[in-house]
Amino acid sequence: MTQNPHASAPRITVLPVQPGDPPFRVVEIDGEVIGCATAMTDVLLAAAAAGVPVHDLDDPAAVRWVGGGKLSWRPH
């Protein structure tokens, strides 16, 4: 199978949950670390601050969730 050359990677990547008090996930936009999130609302706020529109957190073309989806906020 070949990949679609017109498809692009999502601009937002949310990395796996890290232990902490509270647990957090590192957020990247356009490959650059922009901060940490402790809830999905933090991801939306970071995207808005960077001028990146997000209409659907479940859309893999918009957000790449690594190590769990938008509801995963506790370390395993």
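In what follows, the structure referred to is the one given above.
This is a predicted model, so every value here is computed, not measured. (Residues numbered from 1 in each chain as written. Predicted model: local features only at pLDDT ≥ 70, side-chain atom pairs only at ≥ 80, totals over all residues. Heavy atoms only, no water.)

Participant: Just to check I follow, could you spell out the overall build of the chain for this structure?
Facilitator: Within the chain, the secondary structure is distributed over one helix and four strands. Taken from N to C terminus, the helices and strands of the chain fall in the order β-β-β-α-β. Whereas a compact globule of 76 residues would reach a radius of gyration of roughly 11 Å, the chain reaches 13 Å, a difference of no more than 12%. Projected onto the principal axes, the alpha-carbon positions of the chain cover approximately 40 × 30 × 20 Å. In the chain, buried positions account for 26% of the 76 residues. Relative to all contacts within the chain whose residues are 6 or more apart in sequence, the contacts with residues 24 or more apart total 44%. In the form shown here, the chain has an accessible surface area of approximately 5,200 Å², with 56% of it arising from carbon and sulfur atoms. (Helix = DSSP H or I, 4+ residues; strand = E, 2+ residues; numbered from the N terminus. Rg over C-alpha atoms; globule rule 2.2 N^0.38 Å. Buried < 20%, exposed > 50% of the residue type's maximum accessible area, 1.4 Å probe, protein only. Contact = heavy atoms within 4.5 Å. Areas by Shrake-Rupley, 256 points an atom, 1.4 Å probe, with all protein chains shown as cover.)

Participant: Can you help me understand the environment of Val26 in this one?
Facilitator: When you line up the elements, Val26 lands in strand 2 (residues 24-29). Under the relative-accessibility criterion, Val26 is labelled buried at 18%. Here the alpha-carbon distance between Val26 and Val63, two residues 37 residues apart in the chain, equals 13 Å. Those residues in contact with Val26 that sit more than four places away from it in its chain are Thr13, Val14, Leu15, Val33, Gly35 and Cys36.

Participant: I would appreciate a short explanation of the sheet that holds strand 4 (residues 63-65) in the present structure.
Facilitator: Across a sheet, paired strands are connected by hydrogen bonds in the backbone, their directions being either parallel or antiparallel. Taken together, four strands build an open sheet; the order of strands is 3-2-1-4 and the sheet is mixed. Only two strands of the sheet have a single partner each, and these edge strands are strand 3 (32-37) and strand 4. Shown here is a sheet whose adjacent strand axes are inclined to one another by a mean of 25°, direction ignored. For strand 2 and strand 3, the ladder comprises five bridges, and the chain directions are antiparallel. Among the inter-strand pairings, Arg25 is bridged to a residue of strand 3, identified as Ala37. (Pairing = 2+ DSSP bridges. Axes fitted to C-alpha atoms, helices over the stretch in contact; angles between N-to-C directions.)

Participant: I'm lost on the pattern of salt bridges in this one. Help?
Facilitator: When the charged atoms of two side chains lie near each other, side chains of opposite charge can form a pair. Per the counting criterion, the structure on display carries two salt bridges. Notably, a salt bridge pairs Lys70 with Asp58, separated by 3.0 Å at the nearest N-O pair. Here Lys70 is found in the segment after strand 4, whereas its partner Asp58 is found in the loop between helix 1 (40-49) and strand 4, with twelve residues between them in sequence. A residue is classified by how much of its surface remains accessible, and Asp58, at 51% relative accessible area, is exposed. (Salt bridge = Lys/Arg side-chain N within 4 Å of Asp/Glu carboxyl O.)

Participant: Looking at this model, I keep getting lost on the side chain of Arg25. Mind explaining?
Facilitator: Locating Arg25 in the fold gives a position in strand 2. Summary of buried charges: Arg25 has no salt-bridge partner, and the nearest side chain of opposite charge, Asp58, is 10 Å away. A polar side-chain atom of Arg25 sits 2.9 Å from the main-chain carbonyl oxygen of Val66. In terms of polar contacts, Arg25 uses its side chain to reach the backbone carbonyl oxygen of Gly69, at 2.9 Å. (Lys, Arg positive; Asp, Glu negative; His and termini not counted. Polar contact = N/O pair within 3.5 Å; in protein donor to acceptor, adjacent residues only side chain to side chain.)

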